[in-house]
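Structure at a glance
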Amino acid sequence: MAVRIAVAACMLGALAEGIARHETPKCYDTVEGEPCWKAIQWAQKKGMWKNPEWYVEVQNPLDEAEMQNFFFKQRKHDCMRPCRLASTTSAPGAEEKDGKKDWKSYFK
């Protein structure tokens, strides 16, 4: 019985060590060529202009870190939490007109 407990404890220790080695970093800034980076580039150059309502939750859609954080929260494009969230200026939100958001004002 004591041998089984010792073996189980040893296996759990090895398993925990293996998990610790394969932990993902707490944050990561995407780099050129990665799926997350490509998604950010597409969103900034095409997506937010064609479908601004998709990105209404992003304070400053022209900030790559803000966009990466948006995709991270949505669990899209393999984006991880960005290390740098330098949001010194924020873009204004969409203006309300007759109880509806005016998406054209979002990008003025």
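Residues numbered from 1 in each chain as written. Predicted model: local features only at pLDDT ≥ 70, side-chain atom pairs only at ≥ 80, totals over all residues. Heavy atoms only, no water.

Here we take up the pattern of salt bridges. Enumeration over the complete set of coordinates arrives at 1 salt bridge. Note that E64 and R84 form a salt bridge whose closest N and O atoms lie 4.0 Å from each other. Linking E64 in helix α3 (residues 64–74) with R84 in the loop between α3 and β1 (95–97), this pair joins segments that are 20 residues apart in sequence. Note on E64: relative accessible area 29%, which makes it partly exposed. (Salt bridge = Lys/Arg side-chain N within 4 Å of Asp/Glu carboxyl O. Helix = DSSP H or I, 4+ residues; strand = E, 2+ residues; numbered from the N terminus. Buried < 20%, exposed > 50% of the residue type's maximum accessible area, 1.4 Å probe, protein only.)

Structurally, Q68 can be placed in helix α3. Overall, the relative accessible area of 3% leaves Q68 in the buried class. Contact partners of Q68, with chain neighbours within four places excluded, come to Y28, D29, T30, C36, I40, C79, M80, R81 and P82. (Contact = heavy atoms within 4.5 Å.)

This brings us to the packing of helix α2 (residues 35–50) against α3. At a minimum axis separation of 10 Å, α2 and α3 run at an interaxial angle of 110 degrees. Comparing the axis directions of α2 and α3 gives the class roughly perpendicular. Here C36, A39, I40, Q41, A43, Q44 and M48 of α2 lie close against α3, whose contacting residues are E64, M67, Q68 and F71. For the contact of α2 with α3, the class distribution of residues is 7 nonpolar, 3 polar and 1 charged. (Axes fitted to C-alpha atoms, helices over the stretch in contact; angles between N-to-C directions. Parallel < 35°, antiparallel > 145°, perpendicular 65-115°, else oblique. Nonpolar A, V, L, I, M, F, W, Y, C, P; charged D, E, K, R; others polar.)

Within the largest apolar cluster, 11 residues are counted, these being C36, A39, I40, A43, M48, Y55, V58, M67, F70, F71 and C79. Contributions of two or more residues to this core are made by α2 and α3. No other element matches the 5 residues that α2 contributes to this core. (Core = buried A, V, L, I, M, F, W, Y, C linked by side-chain atoms within 4.5 Å.)

Our next topic: the state of the cysteines. Applying the stated criterion to the full structure yields 2 disulfides. Between the sulfur atoms of C27 and its disulfide mate C83 the distance is 2.0 Å. With the S-S bond torsion at 95 degrees, the cross-link from C27 to C83 turns out right-handed. With C27 in the loop between α1 (2–21) and α2 and C83 in the loop between α3 and β1, this pair connects stretches of sequence that are 56 residues apart. The partly exposed category is assigned to C27, whose relative accessible area is 30%. Residue classification places C83 among the partly exposed positions, given a relative accessible area of 42%. One disulfide bridge connects C36 with C79, the sulfur atoms lying 1.9 Å from each other. Judged by the sign of its S-S torsion, about 105 degrees, the cystine formed by C36 and C79 is right-handed. In this pair, C36 is assigned in helix α2 and C79 in the loop between α3 and β1, connecting sequence segments 43 residues apart. (Disulfide = S-S within 2.5 Å.)

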